[in-house]
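Overview (structure and organization)
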Amino acid sequence: MAQPGLATRFQRRFLAARQLCSFPWPELEQNLRISPDSSLLLDILHKTVRHPLCAKYPPSTKYRRSFLTELIKKPSGEPVTLSESTAIVSGGTTGLVTWDAALQLAQWAIENNSAFRDRTVLELGSGIGFTGIAICKTCHPKAYVFSDCHPAVLQELAENIRLNGFVLEPGKTRHIQTELQGQEEEATNYQKTKLNPKLIVAELDWGSVTEKQLLDLQPDVVIAADVVYDPEIILALIGMLQKLAACRAARKAPEVYIAVTVRNPDTYHLFQAELDKVGIGWQIIPAHSNSIFLYDVQPNVTILQLFI
């Protein structure tokens, strides 16, 4: 159990903008070794960067960044590190940058880590991997399948996974139909330590993937961020979700969470209408006004839970 008052001591030092070396980091590390769940870290976040006084009288961005960087190191050993493009569109794709919806989905996942712990997660449209890497570092899934369809994105994605200290199986990204071969052997290798989930990078085309290929994945949770921005993509995404629903056999349907950036209300409403048309239920997950990451929370990002 964490010593009572540890989060409060962090709060007093943070709100007073004390030097970071004065914070009780060794005690935090000791508590996390005893109990590695994220409840203590969330308590510290709520009492520091998410405290109302921090919103009203914010410390400098440099101070907050340094504090968060040090805090993130404690449970994971290092922060999430990414190589990404500075251009919105690069190499014919928008998947080489991190979008706001990915940040907010990662934040929601960290705050609701029980939805991912010891479960198999399939991420659609992983891009360069921020959301998935953050989940793998903090939520302890049993297995995580990163997926995308653009070769340049898949290459950058695999490099970012390695950059953050995770190990992929030998060989580069393969098509999803061959990715799960030898799955039991991979599981044996990765489950030598509970802290390292089995990681897969799969080339996944929503239009051509078969129900058999999806059945091999057997996800417990399906997530995606910023994949609802074009009518054609919406139809392909819904077709993919229908295949997931059809191939689950006797298994429980996976939980599905989609973070949507509402740039065009008509496109967003089309997505909801198409979901209704095929009988996929949905509900909006309430959003938080503060962020655990250093970015401005965008009011036009919505997280939907789908029921397939």
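1. Digging into helix 1 (residues 6-15)
Taken together, the buried positions of helix 1 are occupied by Leu-6, Ala-7, Phe-10, Gln-11 and Phe-14. For helix 1, the arc enclosing every buried residue in end-on projection is 145°, short of the 170-degree limit, so these residues lie on one face. Directly after helix 1, the chain includes Ala-17, whose backbone phi takes a positive value near 55°.

2. Concerning the pattern of salt bridges
The final tally for this structure, using the stated rule, is eight salt bridges. Across the salt bridge formed by Glu-111 and Arg-50, the nearest N and O atoms sit 2.2 Å from each other. Note that Glu-111 is positioned in helix 6 (residues 100-111) and Arg-50 in the loop between helix 3 (39-47) and helix 4 (52-56), a separation of 61 residues in sequence.

3. Focus: the packing of helix 6 against helix 7 (residues 130-138)
Helix-helix packing: each pair is described by the crossing angle between the helix axes and the interaxial distance. Contact geometry of helix 6 with helix 7 gives a least axis separation of 9 Å together with a crossing angle of 15°. Regarding the angle of helix 6 to helix 7, the classification is roughly parallel. Here helix 6 runs over helix 7; the crossing is right-handed. Taking contact as the criterion, the partners of Ala-102, Leu-103, Leu-105, Ala-106, Ala-109 and Ile-110 in helix 6 are, on helix 7, Phe-130, Thr-131, Ala-134, Ile-135 and Thr-138. Among the residues making up the contact of helix 6 with helix 7, the classes are represented as nine nonpolar, two polar and no charged.

4. Observations concerning the pairing of strand 2 (residues 143-148)
In regular strands, side chains alternate between the two faces of the sheet. The buried count for strand 2 comes to six of six residues, which makes it a mostly enclosed element. What you see with strand 2 is no split at all: Ala-143, Val-145 and Ser-147 on one side and Tyr-144, Phe-146 and Asp-148 on the other are buried throughout. Across four bridges, strand 1 (residues 120-124) lies against strand 2 in parallel orientation. Across the sheet, the residue bridging to Thr-120 is Ala-143, located in strand 2. Judged from the six bridges that link them, strand 2 and strand 4 (residues 198-203) form a sheet pairing that is parallel. When the sheet's bridge partners are listed, Phe-146 is paired in strand 4 with Val-201.

5. Remarks on the packing of aromatic side chains
The geometry of an aromatic ring pair is captured by the separation of the ring centres together with the interplanar angle, meaning the angle of the planes. One pass over the full model with this rule turns up ten aromatic pairs. With 5.6 Å between their ring centres and 25° between their planes, Phe-23 and Trp-25 make a pair best called stacked. Here the two residues Phe-23 and Trp-25 agree in accessibility, since each one is buried. Pairing Phe-23 with Phe-67 gives two aromatic rings, centres 5.6 Å apart and planes at 50°, and the pair type is tilted. Of this pair, Phe-23 sits in the loop between helix 1 and helix 2 (25-34) while Phe-67 sits in helix 5 (residues 61-76), and the two are 44 residues apart along the sequence.

6. A look at the confidence of the model for the chain
For the chain, the mean per-residue pLDDT works out to 80, and 75% of the residues sit at or above 70. Across residues 177-194 the pLDDT falls below 50, and counting only partners more than four positions away or on other chains, this stretch makes 28 contacts in the model.

7. Some remarks on the side chain of Thr-261
Examined against the element boundaries, Thr-261 turns out to sit in strand 6 (residues 255-261). Residue class for Thr-261 comes out buried when judged on its relative accessible area of 8%.

8. Re the pairing of strand 5 (residues 221-225)
The element strand 5 is extensively covered by neighbouring structure, given that five of its five residues are classed as buried. The side-chain alternation of strand 5 yields two buried faces, one formed by Val-221, Ile-223 and Ala-225 and the other by Val-222 and Ala-224. Bridging between strand 1 and strand 5 involves four bridges; their strand directions are parallel. Looking across to strand 5, one finds that Glu-123 is bridged to Ile-223.

9. Focus: the nonpolar core
Most often, soluble globular proteins have nonpolar side chains that are buried together. The biggest cluster of nonpolar side chains holds 31 residues, and the ones touching the most others in it are Leu-124, Phe-271 and Leu-306. Of all the secondary-structure elements, those providing two or more residues to this core are strand 1, strand 4, helix 11 (211-217), strand 5, helix 12 (231-246), strand 6, helix 13 (265-277) and strand 8 (301-307). Among the elements that line this core, the one with the most residues is helix 12, at six residues. Setting aside its immediate chain neighbours within four residues, Phe-271 contacts Val-228, Ile-234, Leu-237, Ile-238, Val-260, Leu-304 and Leu-306. By size, the runner-up hydrophobic cluster in this structure holds 30 residues, among which are Ile-133, Tyr-144, Ala-225 and Tyr-257.

10. Thoughts on unusual backbone geometry
The backbone of Ala-17 sits at a positive phi, close to 55°, despite the residue not being glycine. Of note, His-140 is a non-glycine position whose phi angle comes to about 55°, a positive value. On the secondary structure map, His-140 appears in the loop between helix 7 and strand 2. The exposure class of His-140 is buried, given its relative accessible area of 12%.

Reading guide: rules and limits
Residues numbered from 1 in each chain as written. Predicted model: local features only at pLDDT ≥ 70, side-chain atom pairs only at ≥ 80, totals over all residues. Heavy atoms only, no water. Buried < 20%, exposed > 50% of the residue type's maximum accessible area, 1.4 Å probe, protein only. Helix = DSSP H or I, 4+ residues; strand = E, 2+ residues; numbered from the N terminus. Arc of directions from axis to C-beta. Salt bridge = Lys/Arg side-chain N within 4 Å of Asp/Glu carboxyl O. Axes fitted to C-alpha atoms, helices over the stretch in contact; angles between N-to-C directions. Parallel < 35°, antiparallel > 145°, perpendicular 65-115°, else oblique. Left-handed = near helix turned anticlockwise from the far one by under 90°. Contact = heavy atoms within 4.5 Å. Nonpolar A, V, L, I, M, F, W, Y, C, P; charged D, E, K, R; others polar. Pairing = 2+ DSSP bridges. Phe/Tyr/Trp six-rings, centres within 6.5 Å; stacked < 30°, edge-to-face > 60°. pLDDT = per-residue confidence, 0-100. Core = buried A, V, L, I, M, F, W, Y, C linked by side-chain atoms within 4.5 Å.

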